[in-house]
Amino acid sequence: MAPKATTPPPVLDDRALNRAVLARQLLLRRVPRSETTVEQAVGRLVGLQAQNVRPPYYALAARLADFAPAELSEPMADRRIVRIVTLRSTIHTHTADDALALRPLLQAGGPDRELKAFRARGGLDGVDLDRLAAIARELVEAEPRTMKELRDALLAHWPDADPPSLSVAARCLLPLVQTTPRGLWGRSGQVRLTTVTHWLGREPGPPASLDDTVLRYLAAFGPASVKDFQSWSGLTRTRDAFERLRPGLAVFRSEYGAELFDLPEAPRPAADTPAPPRFLPEYDNLLLSHADRRRVVADDRHAGLTWKGNQSYPVFLVDGFLAGVWRLDEDPKTGTAALMMEPFAEPSAERRAELAEEAERTLALLAPGSAAYDVRFGTVRG
C-alpha cells in the first residue's frame, strides 16, 4: 500500500508574518488599560530591552493606551520589575518572577558565553571563579556596588588579573540586578548592582523550563523557526524542545521554505490588516528576535541605517515595516519637546500625516508636562 499523502504546511509570506508578530507585540493597536497592566505586558513580551534607561518606556508607550512613565517606574521602585542581564547577555526589564526563573535557563545562552570569551583573552588566568563568585556575592549583598567598586575590591584578591575581566566575570557568574533609582523615569543614578535574590528578598523557585519558554516565545514572536528562537534566546540545541511540542503546535512554512511553529490559537491577522505607524526604542526586541528579520525589515539596506558604530538609533515603522529613525529632544529652558524623524524613503502625503499624528501622540505620552510639542522631518543620523 502506498504511504498516505501528507498535506504540505500552509505558507505564510512576509506580510502575513509581519501582521502576526505585530499582533503579538501589541503594535497593531494600543492595548487599553482595562485589558492589561504594565507588569502583565512586560511578562507577555518576555521582557523589554533595557540597554539604556528610556527604551522600556518608549516600548510601552508604543504598545499601551494612555501609558504614563510612572506606571513603569512605580513597580520598579517597588521591586516588582527589575533590570537584569538575561537574553543574549544584554540588560532586560523583567517582572520579578521572570528575573528569578529565566536567568538560570538563559545562563548558557549569554553570560556563560561572554565569560568564556573573557577567559580566552587571558585576563582571568589564575582566577578561581567559584571563589570570585562567592566574594562578589558577599560584596554586593553587603551594599550595592558599581562595576568599578566591584572591580577594585576583586583586584585586591587577584592583583595580576585584568581588572575589567574581574567585574565582568562577577556579572556573568551572578544574577545581578541594577538597583533603583537607576532605571526610574526622570531620575539619575549610577549603575549599582546586587543579586536578584537579595534585592527581591526571596529565593528563586524552579528555573523556567525550556519547553515553557519556547511556548512563551511563540506567543510573543511567532510563528517562528527553531533558528528564530535560538536568535532570541541565545541558546543552542533547542530543536528537541520543538519536537516534543510539535504535536500541540501549528506548523507553517515561510515563503523561503523555513519550517515555522506557532500556538494553534494565537492571532494571525490577514496580511492586509492596517498597521499604524509606531515609534520604537533602540534595540527593540521586535527587530532582534528572529534569525530571519524580513518580516519586519523588508529592505536589507535599511538595517544598516539604524546603527552608528555599535549604537542603535530608535526606529519607526510604516505599514508594519522598518521605515526610519527618530530622536526625542527636550529643552528644559523652553519646556518644548521635539520629535525628529528621518525616513529612509520619502513617505507619501498620507503616510507623512499619519507619522506626524503618531509622533504627536508619542510626545504626549513621553513628555506630558511639556509646554509645547514640535514634530519635524529631518536628519537624525549624523
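Residue indices begin from 1 for each chain and proceed along its sequence in written order. Note on the predicted model: pLDDT of at least 70 is required for a residue's local features to be given, and 80 or more for side-chain atom pairs to be given and counted; whole-chain, interface and lining totals, by contrast, use all residues. Side-chain descriptors were evaluated using all non-hydrogen atoms of the structure, hydrogens and water having been removed beforehand.

1. Quick notes on the overall build of the protein chain
Alright, step 1. Helix and strand definitions follow DSSP, with helices as H or I runs of at least four residues and strands as E runs of at least two, each counted in order from the N terminus. Assigned secondary structure in the protein chain consists of 15 helices and 15 strands.
Alright, step 2. For 382 residues, the compact-globule estimate of 2.2 N^0.38 gives 21 Å, and the protein chain sits close to it at 22 Å.
Alright, step 3. The 382 residues of the protein chain split such that 52% are buried.
Alright, step 4. Pairs of residues are marked as contacts when any of their non-hydrogen atoms sit within 4.5 Å. Restricting to contacts in the protein chain with at least 6 residues of sequence separation, those with at least 24 account for 67%.
Alright, step 5. Here the open area of atoms and residues is found with the Shrake-Rupley method and a 1.4 Å probe, where only the protein chains shown may cover a residue. Here the protein chain has roughly 17,400 Å² of accessible surface; of this, 51% comes from carbon and sulfur atoms.
Alright, step 6. We score Asp and Glu as negative and Lys and Arg as positive, and we do not count His or the chain ends. Charged side chains are reduced to one point each, which is NZ for Lys, CZ for Arg, CG for Asp and CD for Glu. Averaging the locations of the 50 positively and 50 negatively charged side chains of the protein chain gives two centres separated by 2 Å. Each radius of gyration is computed over the set of C-alpha atoms, and the globule rule expresses the reference value as 2.2 Å times the number of residues to the power 0.38. Between buried and exposed lies partly exposed: a residue is buried under 20% and exposed over 50% of the maximum accessible area for its type, with that area taken using a 1.4 Å probe on protein chains only.

2. A look at the side chain of T362
Alright, step 1. Tracing the sequence through the fold places T362 in helix α15 (residues 349–366).
Alright, step 2. Among all residues touching T362, those that are not within four sequence positions of it are R30, F279 and L339.

3. Remarks on the sheet that holds strand β5 (residues 176–178)
Alright, step 1. Two strands pair if DSSP finds at least two bridges between them. Pairing within the open sheet is antiparallel, and its 5 strands lie in the order β2-β4-β3-β5-β6. Of all strands in the sheet, those bounded by a partner on one side alone are β2 (48–49) and β6 (193–195).
Alright, step 2. Inspection of the sheet shows strand β3 (residues 81–85) paired to β5 by 2 bridges, in the antiparallel sense. Paired with I84 across the strands is V177, a residue of β5.
Alright, step 3. Convention adopted: a line fitted to C-alpha atoms gives each axis, helices being fitted over their contacting stretch, and angles between N-to-C directions are expressed from 0 to 180 degrees. Contacting β5 and β6, helix α7 (residues 129–142) crosses the sheet at an angle of about 110° to β6.

4. Side note on the packing of aromatic side chains
Alright, step 1. Note on aromatic pairs: the rings of Phe, Tyr and Trp (six-membered ring only in Trp) are paired at centre separations within 6.5 Å, and the planes decide the class, stacked below 30 degrees, edge-to-face beyond 60, tilted for the rest. Counting across every chain of the model gives 12 aromatic pairs.
Alright, step 2. Ring plane angle 45° and centroid distance 6.1 Å describe the contact between F221 and W232, whose orientation is recorded as tilted. Residue F221 is located in helix α11 (residues 210–221), and its partner W232 is located in helix α12 (residues 226–233); the two are separated by 11 residues in the primary sequence.
Alright, step 3. Its relative accessible area of 0% is what places F221 among the buried residues.
Alright, step 4. W232 gets classed as buried once you look at its relative accessible area, which sits at 0%.
Alright, step 5. Each ring, one from F242 and one from F261, has its centre 5.2 Å from the other, and the planes form 50°; the classification is tilted.

5. Observations regarding the pattern of salt bridges
Alright, step 1. The salt bridge definition used is simple: a Lys or Arg side-chain nitrogen within 4 Å of an Asp or Glu carboxyl oxygen. One pass over the full model with this rule turns up 33 salt bridges.
Alright, step 2. For the salt bridge of E114 with R171, the shortest nitrogen-to-oxygen distance reads 2.6 Å. Here E114 is found in helix α6 (residues 111–120), whereas its partner R171 is found in helix α9 (residues 163–173), with 57 residues between them in sequence.
Alright, step 3. R239 is the salt-bridge partner of E243, the closest N and O atoms lying 3.5 Å from each other.

6. Some remarks on the packing of α7 against α9
Alright, step 1. At a closest axis distance of 9 Å, the pairing of α7 and α9 adopts a crossing angle of 85°. Taken as axis vectors, α7 and α9 run roughly perpendicular relative to one another. Between α7 and α9, the contacting residues are L129, L132, A133 and A136 on the first element and L166, A169, A170 and L173 on the second.
Alright, step 2. Here the contact of α7 with α9 is composed, by residue class, of 8 nonpolar, no polar and no charged. Reported orientations rely on four angle classes, namely roughly parallel under 35 degrees, roughly antiparallel over 145, roughly perpendicular from 65 to 115, and oblique for the rest. Charged residues are taken to be Asp, Glu, Lys and Arg, nonpolar residues to be Ala, Val, Leu, Ile, Met, Phe, Trp, Tyr, Cys and Pro, and polar residues to be all remaining types, Gly included.

These figures capture arrangement, not role.
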